[in-house]
Each structure stands twice: as C-alpha cells, then as structure tokens.
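Fold and contact review
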Amino acid sequence: MDYFKKNSSKIIFIFTFSILLHVLVFPLVRIAGDEGIRIHQAILFGQGLVPVADYSARAPILIILTDLSLMFFGRNLFAARLPVLLASALIAVLIFLLARAFCSERAGWYAAAFYVLSPFVLWRESIIKIESFSIMFTLLALLSLHYGITRHRRFLIFFAGISLGLAYLERQSALAAMLAFTIYLIWGRYILMEVLIFWAGMGVGFLPIFLWIFSHNAVAAGEYWLGLIWQIFNGNAWRQNVTHARTSFYLQIRTWGLAFIEGLALEGWLLFSGMILFFILLIKRYFKYFERWIISALLIIVYGALVFHSLHIWFVAPNFRPEVFLLMMISALLIIISFLQFIFSDNFKFLEHLTHLPLFLLVWFLILIIAYTIWDPGYIREFIPIVAIMSGIAFSQFPFRDLSLFMKVLFIFGVLSFWISGGAWFLNPKGEGWYWTQSEMRTLESFIEKNSAPGEDIFTANRLPVVLAGRGVFEDVSPFGFKFAPSFEEQFFSYPSPAEVLKELISRPPRYVVIDKRMTDFVFKFQPPIREFVSNNYREVNQIGSSKILLRKDLAN
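This one's a predicted model, so the numbers in the text were calculated from it and none came from an experiment. (Residues numbered from 1 in each chain as written. Predicted model: local features only at pLDDT ≥ 70, side-chain atom pairs only at ≥ 80, totals over all residues. Heavy atoms only, no water.)

1. Points about empty space enclosed by the protein
This is how it is decided: Cavity and pocket criteria rest on a 1 Å grid covering protein atoms alone: a 1.4 Å probe that fits but cannot get out defines a cavity, protein on both sides within 12 Å along at least 5 of 7 lines defines an open pocket, and an atom within 4 Å of a point defines a lining residue. Grid points are joined across faces, edges and corners, and a volume is the space filled by probe spheres set on the points. Under the scheme applied here, ten amino acids are nonpolar (Ala, Val, Leu, Ile, Met, Phe, Trp, Tyr, Cys and Pro), four are charged (Asp, Glu, Lys and Arg), and all others, including Gly, are polar.
Under the criterion given, the structure shown has 1 cavity of 30 Å³ or more. Approximately 110 Å³ is the volume found for the largest cavity. Lining the largest cavity are 13 residues; nearest its centre among them are I135, T138, W364, L368 and E382. Of the residues that constitute the lining of the largest cavity, the class distribution is 9 nonpolar, 3 polar and 1 charged.

2. Digging into the side chain of E125
Put simply, the rule reads: Helix numbering and strand numbering both begin at the N terminus, where a helix is a DSSP run of H or I of at least 4 residues and a strand a DSSP run of E of at least 2. Relative accessible area decides the class of each residue, using a 1.4 Å probe on protein chains only: under 20% of the type maximum gives buried, over 50% gives exposed, and in between gives partly exposed. Under this definition, polar contacts are N or O atom pairs within 3.5 Å; protein pairs additionally need one hydrogen-donor-capable and one acceptor-capable atom, and for neighbouring residues in sequence, both atoms have to be side-chain atoms. Between two residues, a contact is recorded if the distance between any of their heavy atoms is within 4.5 Å.
Along the polypeptide, E125 turns up in the loop between helix 7 (119–124) and helix 8 (131–150). Given a relative accessible area of 3%, E125 falls into the buried group. At 2.8 Å, the side chain of E125 forms a polar contact with the side chain of R381. When neighbours within four sequence positions are excluded, E125 is seen to be in contact with H22, V84, L85, S88, I91, Y115, F120 and R381.

3. Concerning the layout of surface pockets
The computed volume of the second largest pocket comes to approximately 710 Å³. Here the lining of the second largest pocket takes 8 residues from helix 16 (residues 291–316), the largest share from any one element. Grouping the constituent residues of the lining of the second largest pocket by class yields 23 nonpolar, 2 polar and 1 charged.

4. A short note on the pattern of salt bridges
Which entries qualify depends on this criterion: Salt bridges are defined as contacts in which a side-chain nitrogen from Lys or Arg sits within 4 Å of a carboxyl oxygen from Asp or Glu.
What the rule picks out here adds up to 14 salt bridges. Salt-bridge contacts for R124 lead to E267; the nearest nitrogen and oxygen are separated by 3.5 Å. Of this pair, R124 sits in helix 7 while E267 sits in helix 14 (residues 249–267), and the two are 143 residues apart along the sequence. Residue classification places R124 among the partly exposed residues on the basis of a relative accessible area of 22%. Residue E267 is classed as buried on the basis of its relative accessible area of 10%. Of the charged contacts, one joins R508 and E504 as a salt bridge, the two residues approaching to 2.8 Å between their closest N and O atoms. Exposure remark for E504: the relative accessible area of 26% places this residue in the partly exposed category. A single salt-bridge network, built from bridges that share partners, covers K10, R100 and E105.

5. A closer look at a nonpolar patch on the surface
This is how the line gets drawn: A patch is a set of surface residues, each over 30% in relative accessible area and not in a salt bridge, joined within 9 Å for like charges and within 5 Å for the nonpolar side chains Val, Leu, Ile, Met, Phe, Trp and Tyr. We get accessible surface area from the Shrake-Rupley algorithm with a probe of 1.4 Å; when it comes to residues, only the shown protein chains can shield them.
Taken together, the side chains of Y286, F287, Y289, F290, W293 and I294 define a hydrophobic patch exposed on the protein surface, amounting to about 800 Å² of accessible area. The residue F287 is located in the loop between helix 15 (271–286) and helix 16 in this model. On the basis of relative accessibility, which here comes to 43%, the residue F287 falls in the partly exposed class.

Now the structure itself:
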C-alpha cells in the first residue's frame, strides 16, 4: 500500500494521459466487426440471459461491464467502449509498475510511453475486444506475483492466482501465462507451497463465474472453458488440432513469424526496435563469447524477415500501400544503424546487474509464440504489453548520451518515421468492408432507424448499427459461427445451425438485409444456400460505404 501511495501521482498521470489520448483519437478509430457482437451480448445480458449458457458469448466480465456502462451512459459507441478504454489505461499503469519493479523507474517511463503512444494502442485499444481485460488481469497477476515473491507475502501470490483466474475467464490464452508464471515461481525456488497457493488462487478467481454459468448450461460451460485444457492433456486431440489445417509446422511458424514481425514493426512503433535491442542485451549477457555471430544472425533474420514480408505484401496485396511499408523499413533500418555503434562494443558493464527477470520475460514471450503458432496465429495484441516492458528495460539501459550527433539524428528521424508510417496505416488501412468509419456506421444506423419499425429484426453479420438503432438482430448470426459449423445442419456452440437460420429466413423473411465483407466472406462463402436465398428474394436499395442494404423484393414497390 505504501508503494502505491508513494507513486500515486505518477500512476494518476499515466492513467489520465492515456485516457486523454484515447479520447482525442476516438473520432478517428474505425469500427471493428466484433464490436457489434459484444454490445449485443451485453444487451442480452441486461435482459436477463446468461452468457455462454443462454447464448454464445465470450469474456463474461467484459460483457457485464459493457452492460453497466450502456445502462448508465446510454446506448452509444463511446459508452460501449468505455470499459475497454479504461482497461487500456490501467494496462499502461501496470506496464509502468512492472518495468519499474523489474529494472528501474526510467525503464517504467519508457515502457509506459512506448505502449501509450504506439499506433496499435491509440487506434485499437479502445475497440471492444475480449483480450483487453485478460491482458489487464494477467499483468496485475504478474505484478502481485513479483511482489509476493520478493517480499515473501503469500497473500499476494494468492491474489496473483485470483487475477489470473479472472484472466482465463476472459480469454483461454491466459493458459500461456499460467505456465510461464508457474515456471517463474519454481525459478525463484518456490516449489511446493507457493505454487499450490498460486493455483488455489486461480481456482478462487475462476470458479464463481464458471459455476454460475455451469449451473445453467454445463455442456456449454465445459466446452468453452475446459475444452482447450482437455485437448492439451489428450494427445490425440492435440495432434488432430495441430495437423487438421497445418501440413507443415515449419511453414506455419514461418508464416506466423513473418506476419508477427511485420505487424509489430508497423503497429507497435518503437516496440519492434525495443524487442530487438532487448534480445541483443540478453545475448551480450549470456553469450559473451559468441555474441557477435549471434547478434549478426539475429539482425539478418529479423530485419530480413521484415523486408521479405513487406515486399511480399507490396506485390501480392495491392490494397496495401507500398509507401507506408517502405517508410517503415527505412525507419527500422535507421534505428538499427544508430544502435550499431554500441552493439558490438564492450561498454555494457550494466548488464552484470540484470537479474533473471528479463530472462523470465523472454520465456513468457516464447510460450506465447508457441501457443499462438499452434492454436490461433496472427495476433500481436497480447504480445504488445510484454514487448513494451522488454523495450522499456532495453532502452533504459542504452547509453544515448554517448551517441554521435549523426547517430542521434538518425535515431530521431527513425523514431518519427516509424510513428508516421504506423499512424498513416491506421488512418486508412484500406480494409474495405472489415473496418467501417464511424460516419459510415452512423449513416447505416440512421437509415435503419428511419426505414424500419421499433422491434423489427434486421439480418446482418455486423450488428453494431442495428443494435445502436434500437432494432432487433435476426437470429444470433455469427460469421465465425457459420464458418466453424461442422455441417449445414449442425450448430457451432450455442449459435443456431445454418439450416435453422435458413428455415427462419424462409418462414419469416426480414424486411432488410445488410451486406458487408463479413457477410460475404463468412456467411455467404461458407453457406451457399443462404446466399442463394438472399439473392433470389432481395434487391439492393442503398449502398453506404462498402456495405449494401437489401430490401425484400415483394416490398420493393
């Protein structure tokens, strides 16, 4: 408690600054497809339905808090995003406290700044996603665990377990943190009692909400929260999951690694360079005799991967703007060149003071890499906080004052170019149909409100404008539910099967259908009978942005 009192002004500053930046950038943030799902699920919860048990939902804590925010501040986009926005600000505070605890206050400030100012955080961390609260609870668990170990306070270790249990409720990828944190405890020579206390805390954090939902629908709760654990401990299920869509593990991890490096460089701003510098520090700390060869290989592999993947995107995907990627690569090169003066020097005496904590961060990072490579490749969101802490530690140890004026200019230009390239990308990602602008969303909402009656259902794959307009969603259609449905007749989780949806469409066809890229790429692509029904019975009456509004043909006149 004394620790937080002494640092209260710093905590308040970081939290407030993060909030103000999110509010400033908010009008420019695009609409993600999942946001409509989360808001609709929050409204269903407010109507008395139980998440997971009564309808297919994830992240019950996010849903509950979103419902409370909508109830207090009205049904609007900012109110719906407010819990996630606050979680992002708390993540910035926790990153500061962790980097400060692991290294120094200077490292804490660097880490918090890299997180708060990165284009990814500014443009995506106010979007309603289920990772937000999972990341927040995970970082809180790590902070509590660290102080529980260093100050020999078992109740903090127990609280860390509670927090990580809540993180697992929100997103099952918290299993990676559970493994890493258990290794951290054993690493610190806390073998039995502390590990048991930690795992008992996870049970206390996880079980109340799980048992509440389990009492309403045991099958759904078991499938959602225990299915992944069952796969891990069942060798055959694990092998089926890994080999089902992946013929080559090497190709899988190479593809994921290329996308990760390019995504972190473009969206993470200085986090890309900070990650490289962090790896270099560890190499110089633990591989003194071979450091030059290993560092050279690291730079060639990581920067070569960035160049290769960016050029691939440039030529294969013309909707990506080559000038943004070119600026990004130049920026990364300038920053790395500014490092070279000291990378191969012996002026790193401070490395002797580094403890095992940076190595623990690397272990956690690698466990996440392995987990995401196998189960859900493509995400960088959960890596951002870890890399921010890594970067804060690395940059706080780097002797900027000893750089020549030329190198300092290169570094500053590289930093500014990095941020500009990332900002330019997010302002216009050219992901037509996937991310609406807020003006497009408001126009759709206005059209639906003016041309439909209260209580009327709209058939859509992106529910946000329908829900904000106060209209109903025809069936509980999920693009991913349609994609992963085992067959036309079978359902995915508690979503209705495609056959059930088609039956309802035939028996009581809605007045309007909204077609966007999620509808075409998931619903229509994977369920042709539904596409044919809509094509035969509806015609286009309006187009707003990349979305089309279709009206029943028998009502067209």
